[in-house]
Structure formats: C-alpha cells, structure tokens
Number of protein chains: 2
Amino acid sequence: MAAREAQARQETGRKRADARRNEQTLLDAAAAVFVESGVDAPVRDIAARAGVGMGTIYRHFPTRADLVVAVYRHQVEACAEAGPVLLANSESPYAALGQWVDLFVDFLVTKHGLAAAMQSDGDGFDTLHAYFLDRLVPVCALLLDAATEAGEISIDLPAAVLMRGIGNLCIGGDRDPRYDARQLVGLLLAGLRRTRSL
Amino acid sequence: MAAREAQARQETGRKRADARRNEQTLLDAAAAVFVESGVDAPVRDIAARAGVGMGTIYRHFPTRADLVVAVYRHQVEACAEAGPVLLANSESPYAALGQWVDLFVDFLVTKHGLAAAMQSDGDGFDTLHAYFLDRLVPVCALLLDAATEAGEISIDLPAAVLMRGIGNLCIGGDRDPRYDARQLVGLLLAGLRRTRSL
DNA sequence: CTATTATGCGGAGCGTTGTTCCGTTTGTCA
DNA sequence: TGACAAACGGAACAACGCTCCGCATAATAG
C-alpha cells in the first residue's frame, strides 16, 4: 500500500493534489492567453485566467521562460524528433535541412512574439534560450553536417548561429503583409548552398 | 532689425533661447546614454544626464522614437546618400548593393538595441519606423532594381521586406560571439543572387 | 473522526519604467 | 520694468514584474 502510494507520487510529481491541479490549470490558461495576447502577455492576465493568485504562478514557474518552455515543450520535442526522420527520408541532406527549417519557422511564426522572446537578452529568458537551443541546435547541426559532407554546402556556419539567424528572421512580420519569414529563411539557406560552377 | 530677428528665429526653430539650449543638451545626453546603455535606456536617465525634468524631455520629443530619430538622423542621412554614389562607382549594381548593405548593417550593429527597436511593434515607435524606412527603402529599391535589371538578381523581393529582414538579422548577437550579422546578411544577399548555370 | 503539520495559496505591496499634468519659473518684448 | 506666453520641473498615476508573509487546506498520524 505504502509502496503503491509512493509510486503514484513519483509518477505525478510528488506534489500535493491541488498543486498538481493548479499546474495543469496554469498551463492551459497560459496556452490560451499566449494565443490571444502573445507570449509577452502580463503575468497577471495568466493568473487571472487560471483563477489563481500571483504567488501560485511564480511558485510553479519561477520565470516566464519556464512557463513558455512548459507550454511549448511538446511541439519543440516534435520538431527535434522530425530532424533525423527527414534526413532519412529526403532525397538529399540539403533538402532535409530545408524541410526541417520550414517546420521550425512555421512553429515560430504561429506563436506570437515567441521569436522575439527567444532572442531577448537578459531578464529571465535564459531558461527559454537554453532549452530551445540545447534541444534544437544539435538537430540542426546534424542536418547541416550531413549537407556539408554531401558537398551541398560550402560555407562553414555554426548551427547555433544559423538557428539564431533563422529565429531573428521570424520576428514581427505583422506590420507588412508582404513580409514572409519562410521566404527570407529560404534565401538564407540558398545563400548557404554551394555555388555551382560559375 | 525685425526682419533679421525673424530670420534668426526661423533658422533656429522660432523657439525660446532656453528651449533651444535644452533641445541640444538633450540630444547630447541621449547620444551619450544610448552608447552606454542602449537605445532602451530609461527616459529618466536621459533627463537626469541632461539635468532637466521629465516634462522637458517629453515636450521636445513626444516619443522615444522622436529622440532616437533626432540623434541618428545624420548617420541615416549619410547612409541614404551613399547609395547612389556606390551605385555609380561600383563595377556592378549587385556589388554596390552589397557595399551599401554593409554600411547599413555596420550602422545598426554599433547602435546597441537599435535594430530591435526598429522592428518593435506598437508603442510609439511608429515614428522611428516611418523615418528609417521612408528614407532608406527607396535607396535600397534603387540598388535592388539596378541589380535586377543587370540580371544579377532573379528573385523579386520588395525592398521594404529585404530591409526588414536585414534589420532583423542585426538583432542581438551579444550572446554568441560567433554570431556575425554581416555574414548572415551576406548569405541572404547571396541567396538573392541569380543562380548561375547549374 | 480529529488534531497536527507542512505544503501550497492569495494578493497586498515594492521597485521600475512610461507618461501626464499643473503650479512655478523664466525668457521676451513693449 | 512689468506683463504674458513659453517652457520648466517633478510629483503623481498607471502598468508591469516580482516578492513576501499570513492564511487555508491537503496529507498524515493517532
């Protein structure tokens, strides 16, 4: 009996029942508010939406970055796992890189303000930065290296730098409807490609 | 006599002497604070540095964008004027475009936070946005069109979109020393270039 | 079922920043 | 010099991030 309870605790996180409930409520509320007002939405709004106090939100998610990471963890994970699959199924590493980058760009542009938050210095966004890059840069490096070895890419660019560049290109195209992050990122990748003959 | 005074007023802006003095003081203080703390520095800091009250700064520069524009107007102007000159002196329009873009990138990356401010939505940054783009987009378009007509560029990209993309790439490379905005912008331009043969 | 404990909760409150507003000062001109 | 408009200074308000502590309540033992 004691053993079963202990196991149940481990599975759910070893926290009090109301704490677990609130954590989930907060995640749902945050996801909803992020869609409505972007990831920069006031913390108070999220707390209000979830029907909890300020203290609660900060106890569960010490920084806003922790909350953002928790909300989007699934999608980031999916994106990371898609990398090797694309590499295996595409006709060339460069094509796989292009498809994977499209996935990443689609993810970023559909999350209002996320791209901007990912680049912002200082504050408490270090966590977000760390998680996103730790998870995705190796995948990007895998594809990049494969393309380089296949002779499709001539320039030696660190994957982290490429990721940051892509992230930057995904910032704020709300003003000009002609701004298409996908297109510009495509151009960036095209520039990376080995120049054939002359 | 009356005529001469009227002319003097027109030249200097038709304002009271202390107002003119304060405007200059504010510009100097802002320039100093911008290099120290970036263009996002608190308005209070600038006021304090200039030794004036909050009211004064807001009367002269209703929004932060007005102040930023005033501080960097000279450099933006110089950049704009360099466009046609480069076009005339370079061996090819595409080369001129590359050199001009380098000028613009150098300007942006040396102004801490300016690139980020230029893209930020809402707030009172509309002025900044308007001025920078109104002044520089036509120049960029001139070079872009010339390169297109020369057959050096195959993709049809609005100059405003290219400018925004370049601006985005200039954001925050402070974290990773390997991040080089110039290099990435170079890749973007390379991607724009017509692919020779195959 | 009740008592005890410690875990979690709520929201008032502080610090920072942007922005406004108005009583006071000061340049200007007759 | 005196009167008036122009300009000034900074208190004050609003929005936000974040902390802190008294209170509620789930978990546990008897």
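All values reported here derive from a predicted model rather than from experimental measurement.

1. Points about the packing of helix α2 (residues 17-37) of chain A against helix α5 (residues 64-89) of chain A
All names here are of chain A. Orientation of α2 relative to α5, taken along the N-to-C sense of each, is 90°, at an axis distance of 10 Å. In terms of orientation, α2 and α5 fall into the roughly perpendicular class. Where α2 abuts α5, its residues L27, A30, A31 and F34 lie against L67, V68, A70, V71 and Y72. Class assignment for the residues of the contact of α2 with α5 results in nine nonpolar, no polar and no charged.

2. Some remarks on the packing of aromatic side chains
Throughout the structure, instances matching the rule amount to 10 aromatic pairs over all chains. Relative to B:F107, the ring of B:Y72 lies with its centre 5.9 Å away and its plane at 80°, an arrangement referred to as edge-to-face. With a gap of 35 residues between them, B:Y72 in helix α5 (residues 64-89) and B:F107 in helix α6 (residues 93-109) connect regions that are remote in the sequence. Neither residue differs from the other here; B:Y72 and B:F107 are each classed as buried. Feature note: the residues A:F34, A:Y72, A:F107, A:Y131 and A:F132 constitute an aromatic cluster, connected by ring pairs. Above the face of the A:Y94 ring, A:R193 is positioned so that its terminal group lies 4.3 Å from the ring centre.

3. Quick look at the relation of the copies chain B and chain A
With an RMSD of 0.0 Å, the operation that places chain B on chain A is a rotation of 180° combined with a shift of 0.0 Å along the axis. Taken together, the rotation angle and the small translation identify this as a two-fold axis. If distances are taken from each C-alpha of chain B to the rotation axis, the shortest is found for B:G191, at 1.9 Å.

4. Observations regarding the interface of chain B and chain A
If you look at the interface, chain B gives 34 residues, while chain A gives 33 residues. The tally of links between chain B and chain A comes to two salt bridges. Note that A:D126 and B:R175 form a salt bridge whose closest N and O atoms lie 3.3 Å from each other. Our count for the chain B to chain A interface comes out at 11 residue pairs in polar contact (both at pLDDT 80 or more). The set of elements that each furnish at least two residues to the side of chain B that touches chain A consists of α8 (126-149), α9 (159-169) and α10 (181-192) of chain B. Considering every element that reaches the side of chain B that touches chain A, the biggest residue donor is α10(B), with seven residues. Residue classes in the side of chain B that touches chain A are distributed as 14 nonpolar, 11 polar and nine charged.

5. Remarks on the pattern of salt bridges
All names here are of chain B. Overall, the coordinates contain 16 salt bridges over all chains when judged by the stated rule. Notably, a salt bridge pairs K15 with E23, separated by 2.3 Å at the nearest N-O pair. Residue class for K15 comes out partly exposed when judged on its relative accessible area of 34%. Its salt-bridge partner being R49, residue E36 comes within 3.4 Å of it at the nearest N-O pair. Here the residue E36 occupies a position in helix α2 (residues 17-37), and R49 occupies one in helix α3 (residues 43-50), the gap between them amounting to 13 residues.

6. Remarks on the state of the cysteines
Within the structure shown, the criterion is met by zero disulfides over all chains. Distance from the sulfur of A:C140, which forms no disulfide, to the nearest cysteine sulfur (A:C79) is 9.8 Å.

7. With respect to the domain arrangement of chain A
All names here are of chain A. We note that the domain assignment places domain 1 (1-61) and domain 2 (63-198) within chain A. One C-alpha centre belongs to domain 1, the other to domain 2; they are set 29 Å apart. Listed per partner, the contact involves 12 residues of domain 1 and 12 residues of domain 2. Roughly 1000 Å² of surface becomes buried between domain 1 and domain 2 when both sides are summed, with 72% attributable to carbon and sulfur atoms. The largest share of the area that domain 1 buries against domain 2 comes from F34, V39 and F61, three residues that together contribute 55% of it. At the boundary of domain 1 with domain 2, the tally comes to four residue pairs in polar contact (both at pLDDT 80 or more). At the level of secondary structure, the elements contributing two or more residues to the side of domain 1 that touches domain 2 comprise α2 and α3 (43-50). Here the side of domain 1 that touches domain 2 gets four residues from one element, more than from any other, and that element is α2. Within the side of domain 1 that touches domain 2, the residues separate by chemical class into 10 nonpolar, one polar and one charged.

8. Regarding the side chain of B:K111
Residues and elements named next belong to chain B. Structurally, the position occupied by K111 is in the loop between α6 and α7 (114-119). The charged side chain of K111 is buried without a salt bridge, its nearest counter-charge being D106 at 9.4 Å. In this view, K111 contacts Y72 and Q75; residues no more than four positions away in its chain are not counted.

9. Thoughts on α5(A)
Over its 26 residues, α5(A) runs 37 Å from end to end, which matches the ideal 38 Å to within 8%, given 1.5 Å per residue. Among the residues of α5(A), those classed as buried are A:A65, A:L67, A:V68, A:V69, A:V71, A:Y72, A:V76, A:C79, A:A80, A:A82, A:G83 and A:L86.

10. Brief notes about the environment of B:G165
Here B:G165 lies in helix α9. Excluding residues within four positions of it along the chain, B:G165 makes contact with A:L169, A:Y179 and A:L184.

11. Regarding the packing of helix α8 (residues 126-149) of chain A against helix α9 (residues 159-169) of chain A
All names here are of chain A. Running from amino to carboxyl end, α8 crosses α9 at an angle of 115°, the nearest separation of the two axes being 8 Å. By the criterion of interaxial angle, the relationship of α8 to α9 is roughly perpendicular. Of the two possible hands of crossing, α8 and α9 adopt the one that is right-handed. Along the contact surface, α8 presents H129, L136, V137, C140, A141 and L144, while α9 presents A159, A160, L162, M163 and R164.

Scoring rules and cut-offs
- Residues numbered from 1 in each chain as written.
- Chains lettered and ligands numbered in written order.
- Predicted model: local features only at pLDDT ≥ 70, side-chain atom pairs only at ≥ 80, totals over all residues.
- Heavy atoms only, no water.
- Axes fitted to C-alpha atoms, helices over the stretch in contact; angles between N-to-C directions.
- Helix = DSSP H or I, 4+ residues; strand = E, 2+ residues; numbered from the N terminus.
- Parallel < 35°, antiparallel > 145°, perpendicular 65-115°, else oblique.
- Contact = heavy atoms within 4.5 Å.
- Nonpolar A, V, L, I, M, F, W, Y, C, P; charged D, E, K, R; others polar.
- Phe/Tyr/Trp six-rings, centres within 6.5 Å; stacked < 30°, edge-to-face > 60°.
- Buried < 20%, exposed > 50% of the residue type's maximum accessible area, 1.4 Å probe, protein only.
- Lys NZ or Arg CZ within 6 Å of the ring centre and 35° of its normal.
- Least-squares fit on C-alpha atoms with pLDDT ≥ 70 in both.
- Salt bridge = Lys/Arg side-chain N within 4 Å of Asp/Glu carboxyl O.
- Polar contact = N/O pair within 3.5 Å; in protein donor to acceptor, adjacent residues only side chain to side chain.
- Disulfide = S-S within 2.5 Å.
- Domains from an automatic or database assignment.
- Buried area = accessible area lost by both parts, 1.4 Å probe.
- Lys, Arg positive; Asp, Glu negative; His and termini not counted.
- Expected span 1.5 Å × (residues − 1).
- Left-handed = near helix turned anticlockwise from the far one by under 90°.

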